[in-house]
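The primary structure of each chain is shown beneath.
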Amino acid sequence: MQTAFAKLDPVVDISDELGKRPESSPDYLREKLALQDLALQMAEHPEQVLPRLVELAKLSCGADSAGISLFEAEGDVFRWHHLSGVLSTFSGATTPRRFSPCGVCLDRHLPVLMKNPEAVYDWIADARIVVPEVLLVPLYIGSQEPLGTLWIVSREGQHFDSGHARVISEFASFAGLALKMIGTEEKLKRALDDQQTLTKEMSHRVKNVFAVADGMIRVSAKNADSPQKMAEDLSARMHALAIAHSLVRRSFADVQAGTTDLSALVLAILSPHALETNLDIQGPLVPVAEHATNGLALIFHELATNSAKYGALSRHGTVKVTWQAEGEHLTIRWEEAGGPAIAAPPSKKGFGSALVERTTLSQFGGTIHCDWKPSGLHVIMCVALGKLQR
């Protein structure tokens, strides 16, 4: 694989001179005060740590410009951040990973010193940038592989030495720590925001459960022949509702309430009444939000219960459920076969049938048609797709 420093002009790459030049007298007090300054910034104004760090690196080494370049895998480029000095107008600019001084530094994992790199890298020359000398050190952010560089540029040649390399290497270590802490803080803030969103959603869902349960109790009480019958019917409907809620999945990538998909919902509701060999469930992926899941669960529960008592599922017949989107509506078909022959439609509408019709109309703005064929019940429901996302 070609590296960023392949065939680099030795006149441009003068990294060997770092160890040959006389080292400038170190100012340890100044370095200590600079690190204390950075620590204070980290504690009180973390968003200002990196700009301040770049500024201090420039001042400590008598440089003309300084900046941080972070590698972006998408695009295979470095992006310049927090530039200070005469090159500050280039903040946000990108440079190629495989053809740049920063790339050389990352390939070597060592400080790199270059003289007039514009002689080799045409993108520097095209920007009309003159770089007498640039010193770069690798920037590590919690990993063994450097993810960027800290660099300083001098206004004249023969300026940087090993002492400057030591100083900005220390600054680079602090920069890596700062970047890691800032990233951790951002993750924590997102987690707290997500937790708050989840808490609000769960409160909303609990209120919905109580509202639905209250409605089922009131309606079941009006239509029950006996307390025992009411308890049996209500328990079954509550079980269907519980299944629906267990299917709802929450994704923090989506600010909407949790969702499931229609096929999972239908299979979960029908499974207690039949083997998979008795079921044929087909249709495209249709996301269903929490509130819509409750309504559909009750509808399919009533249809499945009716089939298990009187229809195809009472005789090990088959139930086929299919659906297809048509414009802004979804058409759902329920077809039974292999059950007792049907001589005529029921003489009166039961509570379950009324519940299915009312839910289809009021919650989904849809229509429902039941065809009591001799071979089995056929139901066609048409609901608004938009209602399924609420």
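Residues numbered from 1 in each chain as written. Predicted model: local features only at pLDDT ≥ 70, side-chain atom pairs only at ≥ 80, totals over all residues. Heavy atoms only, no water.

Now, about the pairing of strand E2 (residues 77-85): what can you tell me, with residues and values included?
Both strand E1 (residues 65-72) and E2 contribute to a ladder of seven bridges, which runs antiparallel. Pairing of Ile 68 across the sheet is with His 81, part of E2. Here E1 folds back onto E2 in antiparallel fashion, the turn holding four residues, of which Gly 75 has a positive phi close to 105°. With three bridges connecting them, E2 and strand E3 (residues 94-96) associate as antiparallel partners. In the sheet register, Val 77 faces E3, and the bridge partner there is Pro 96. (Pairing = 2+ DSSP bridges. Helix = DSSP H or I, 4+ residues; strand = E, 2+ residues; numbered from the N terminus.)

I'd like a description of the packing of aromatic side chains, backed by residues and values.
A complete count under the given rule lists seven aromatic pairs for this structure. Between Trp 80 and Trp 123, the aromatic rings sit 6.4 Å apart at their centres with planes inclined by 65°, giving edge-to-face as the arrangement. Pair noted here: Trp 80 is in strand E2 and Trp 123 is in helix H4 (residues 122-126), with a separation of 43 residues, a long-range link. Residue classification places Trp 80 among the buried positions, given a relative accessible area of 10%. Geometrically, the ring pair formed by Trp 80 and Trp 151 is tilted, given 5.3 Å between the ring centres and 55° between the ring planes. Taken together, the residues Trp 80 in strand E2 and Trp 151 in strand E6 (residues 148-154) connect sequence positions 71 residues apart. (Phe/Tyr/Trp six-rings, centres within 6.5 Å; stacked < 30°, edge-to-face > 60°. Buried < 20%, exposed > 50% of the residue type's maximum accessible area, 1.4 Å probe, protein only.)

Break down the side chain of Thr 331 for me, with residues and values.
With respect to the secondary-structure elements, Thr 331 resides in strand E11 (residues 329-337). Sequence-distant contacts of Thr 331, that is, excluding residues within four places in its chain, are made with Thr 322, Trp 323, Gln 324, Glu 326, Ile 380, Met 381 and Cys 382. (Contact = heavy atoms within 4.5 Å.)

Provide a residue-level description of the confidence of the model for the chain, including the pertinent values.
Per-residue pLDDT for the chain has a mean of 80; in total, 76% of the residues score no lower than 70. Summarising per-element confidence for the chain, the mean pLDDT is lowest in helix H5 (residues 162-223) (65) and highest in E11 (95). Confidence drops under pLDDT 50 across residues 248-257; counting only partners more than four residues distant or on other chains, this segment forms 20 contacts. (pLDDT = per-residue confidence, 0-100.)

Explain helix H8 (residues 290-310) to me, and be specific about the residues and the numbers.
Over its 21 residues, H8 extends 30 Å from the first C-alpha to the last, a length consistent with the 30 Å expected when each residue adds 1.5 Å. Counting buried positions along H8 gives 16 out of 21 residues, so the element sits mostly inside the fold. (Expected span 1.5 Å × (residues − 1).)

Give a detailed account of the sheet that holds strand E13 (residues 376-384), specifying residues and quantitative values.
Here five strands make up an open sheet; going across it, the order is E8-E10-E11-E13-E12 and the pairing mixed. Of all strands in the sheet, those with a lone pairing partner are strand E8 (279-282) and strand E12 (367-373), marking the two edges. Going across the sheet, the axis of each strand differs from the next one's by a mean of 10°, ignoring polarity. Pairing between E11 and E13: seven bridges, direction antiparallel. Across the sheet, the residue bridging to Glu 335 is His 378, located in E13. Relative to strand E10 (residues 318-326), helix H7 (residues 262-270) is tilted by about 160°, and along the sheet it contacts E8, E10 and E11. (Axes fitted to C-alpha atoms, helices over the stretch in contact; angles between N-to-C directions.)

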